[in-house]
Amino acid sequence: MKFAHDFKQNLASQDFPPHWVARAIPYSQLKKCLKKVQRELQDLGLDQETLRALLSAEETAPVALQYKLQESGSKFVRPKLTVNVHLRDGVAVDASLTPTSRGFLEKLASEILDDHERESLEQLRADRQIVRGNGDKYDADTKAADSANHETIEVPLVFDAEFFDMLQNDVTELDALQAREQKQLTAEITELSKDIAAVSRPSRFSKSDLARWRDIFELYLDSNVFFATQECDHGARNSQRALKQLQWFQNEVEKRNLARDFKIPQSRQAFARFLQLNASLLKNLQFQELNKLAISKILKKFDKRTSLGVSKTFPKAILSEGLLAGGIAKDVCASMSQELVSVVPQINDYLCPTT
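Calculation rules
- Residues numbered from 1 in each chain as written.
- Predicted model: local features only at pLDDT ≥ 70, side-chain atom pairs only at ≥ 80, totals over all residues.
- Heavy atoms only, no water.
- Helix = DSSP H or I, 4+ residues; strand = E, 2+ residues; numbered from the N terminus.
- Buried < 20%, exposed > 50% of the residue type's maximum accessible area, 1.4 Å probe, protein only.
- Contact = heavy atoms within 4.5 Å.
- Areas by Shrake-Rupley, 256 points an atom, 1.4 Å probe, with all protein chains shown as cover.
- Expected span 1.5 Å × (residues − 1).
- Arc of directions from axis to C-beta.
- Salt bridge = Lys/Arg side-chain N within 4 Å of Asp/Glu carboxyl O.
- Axes fitted to C-alpha atoms, helices over the stretch in contact; angles between N-to-C directions.
- Parallel < 35°, antiparallel > 145°, perpendicular 65-115°, else oblique.
- Left-handed = near helix turned anticlockwise from the far one by under 90°.
- Nonpolar A, V, L, I, M, F, W, Y, C, P; charged D, E, K, R; others polar.
- Core = buried A, V, L, I, M, F, W, Y, C linked by side-chain atoms within 4.5 Å.
- pLDDT = per-residue confidence, 0-100.
- 1 Å grid on protein atoms, 1.4 Å probe; cavity = no way out; pocket = protein on both sides within 12 Å on 5 of 7 lines; lining within 4 Å.
- Points joined across faces, edges and corners; volume = space filled by probe spheres on them.
- Phe/Tyr/Trp six-rings, centres within 6.5 Å; stacked < 30°, edge-to-face > 60°.
- Lys NZ or Arg CZ within 6 Å of the ring centre and 35° of its normal.

Peer 1: For this particular structure, what's the right way to read the overall build of the chain?
Peer 2: The helix and strand inventory of the chain stands at 13 helices and six strands. Counting across all 355 residues of the chain, residues that qualify as buried make up 44%. Restricting the contact set of the chain to residue pairs at least 6 apart, pairs at least 24 apart contribute 71%. When the accessible area of the chain is evaluated, it comes to approximately 19,400 Å², of which 49% is carbon and sulfur surface.

Here's what the structure looks like:
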């Protein structure tokens, strides 16, 4: 309950655009659907403890369970729960099963046995009665019965499919939103680079802000806002650290009067746009982190209530190239390096990793 409340509050309080908030992970709806998933499994006799025991069993065990989110080669999440059950005379032989789950599995098994299998089973029972006095023949028949009734059964579930359909659609929409935002930021970088190139072009006969832009960008590189490049502190920043580094950069620019010393008015406008560009990237990163946390929380809650292990399998199955991959800061920073910072002569080549 606490996270659901905090998630809602964060979405409302961080000044995200309304169309972003509308596409945020519907955590409360997913939580309600998860209750239906848990109830459906419990009604089938597959409570959390039973599921954990069956999932950890070897395939050769009397009863073993397997849960897959997608078929091999498929791009879509389609959960499937199958049970490999060993029957003897139509009865599940695993003593660890609860009465409810045993009855459920035997009902499923009986439904998939065709008339021929049933007749064979009845004949086998009759034969064993005739030769009961012959121990060797009885043992052989028992083994044959065990082998003949090793069934793989798909458990019909409704609400887990509803849960993952909802979550997959949410991630897909967030990926599309991030792609559009990244495209817009990249376009802004391209336009800004033209303006900065114009005001920082070396000239003997007209004003130039080359020295000031060089100092600003060198300071920006040193601040490592979104990426750290030092060997002892390497990699992407989270949004909290990025905010701290961005504030440090702005304070240093202010203390050194770098923006105030511009000779060309267009430079002040370009610098304001540069700060806004960084603020927009930071806002994207914050929104991305918040939704990733919501996904992580709901998957952990799913596992806690079902023991189905989706926290590890879902991120791999979804193949998210945006939200779960977390590449917007890296890609936009690479664009800054290649199109923006590089237009000022005699400055370091890279703002952040490009590979």
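Peer 1: Even after reading the chapter, I still don't get helix α10 (residues 239–255), so can you show me in this structure?
Peer 2: For an α-helix, 3.6 residues make a turn, and residues three or four places apart therefore share a direction. For α10, built from 17 residues, the straight-helix expectation of 24 Å at 1.5 Å per residue is met to within 8% by its first-to-last C-alpha distance of 24 Å. For α10, every residue scored as buried is listed here: S239, A242, Q245, L246, F249, E252 and V253. Projected onto a plane normal to the axis of α10, the buried residues spread over an arc of 145° and lie on a single side. Opposite the buried face of α10, by more than 90 degrees, sit the exposed residues Q240, K244 and K255.

Peer 1: Would you mind showing me how to read the pattern of salt bridges here?
Peer 2: Where charged atoms from two side chains of opposite charge approach closely, those side chains can pair. One pass over the full model with this rule turns up eight salt bridges. Its salt-bridge partner being K194, residue E191 comes within 3.5 Å of it at the nearest N-O pair. Of this pair, E191 and K194 both sit in helix α8 (residues 159–199), three residues apart, which is roughly one turn of that helix. One salt bridge in this structure joins E252 and K255, with 2.9 Å as the shortest N-O distance. One end of the pair is E252 and the other is K255, both in helix α10 and three residues apart, which spans about a single turn. Judged by relative accessible area, which is 60%, K255 ranks as exposed. Taken together, the shared-partner salt bridges connect E252, K255 and R256 into one network.

Peer 1: Before we go on, may I ask you to explain the packing of helix α3 (residues 27–43) against α8 in this structure?
Peer 2: Think of two packed helices as two axes; the pair is described by the angle between the axes and how far apart they sit. Packing of α3 against α8 leaves a shortest axis separation of 8 Å and a crossing angle of 155°. Here α8 runs roughly antiparallel to α3, going by the angle between their axes. Relative to α8, the crossing made by α3 is left-handed. Side by side, α3 and α8 meet where Q29, L30, C33, L34, K36, V37 and E40 of the first sit next to F159, D160, E162, F163, M166, L167 and D170 of the second. Here the residues of the contact of α3 with α8 are counted per class, giving eight nonpolar, one polar and five charged.

Peer 1: So what exactly am I meant to see when it comes to the nonpolar core here?
Peer 2: Across soluble globular proteins, nonpolar side chains show a tendency to be buried alongside one another. With 48 residues, the main nonpolar core has F7, F163, F164, F302 and F314 as its most contacted residues. Those residues within four positions of F163 in sequence are excluded, and the remaining contacts are L30, C33, L34, V37, I298 and F302. One finds I216, V225, F226 and A242 within the second-largest nonpolar core, a separate group that totals 37 residues.

Peer 1: How should I be thinking about the confidence of the model for the chain in this particular structure?
Peer 2: Detailed reading of the predicted coordinates is not advisable wherever pLDDT falls low. Residue-level pLDDT values for the chain average 80, and 72% of them are 70 or greater. Low confidence marks residues 130–134, where pLDDT is under 50. Its contacts with residues over four positions away, or in another chain, come to three contacts. Residue range residues 142–148 is modelled with pLDDT below 50. Its contacts to residues more than four positions away, or to other chains, number eight contacts.

Peer 1: Where do I start with the packing of α10 against helix α11 (residues 265–306) in this structure?
Peer 2: The interhelical angle for the contact between α10 and α11, taken along N-to-C directions, is 165°, at an axis separation of 10 Å. Between α10 and α11, the angle falls in the class roughly antiparallel. The crossing of α10 and α11 is left-handed. Contacts between α10 and α11 involve S239, A242, L243, L246, F249, Q250 and V253 from the former and F271, F274, L275, N278, A279, L282, L285, Q286 and E289 from the latter. For the contact of α10 with α11, the per-class residue count stands at eleven nonpolar, four polar and one charged.

Peer 1: Would you take a moment to explain empty space enclosed by the protein for this structure?
Peer 2: Per the stated rule, a full pass over the model turns up three cavities of 30 Å³ or more. As for the largest cavity, its lining consists of W20, L174, L177, Q178, E181, N284, F287, Q288, N291, L323 and I328. Of all the secondary structure elements, the ones that give two or more residues to the lining of the largest cavity are α8 and α11. Grouping the constituent residues of the lining of the largest cavity by class yields six nonpolar, four polar and one charged.

Peer 1: I keep staring at the packing of aromatic side chains and nothing clicks. Help me out?
Peer 2: Pairs of aromatic rings are described using the distance from one ring centre to the other and the angle between the two planes. In the structure shown here, the tally under the stated rule is 18 aromatic pairs. Centre to centre, the rings of W213 and F217 are 5.4 Å apart; their planes meet at 40°, and the pair counts as tilted. Of the two residues, W213 and F217 are both situated in helix α9 (residues 210–223); the distance of four residues between them amounts to about one turn of the helix. F217 carries the same exposure label as W213, and that label is buried. One aromatic cluster is present, formed by W213, F217, Y220, F249, F262, F271 and F274 through successive ring pairs. Note that K283 overlies the ring of F16, its terminal NZ or CZ placed 5.5 Å from the centroid.

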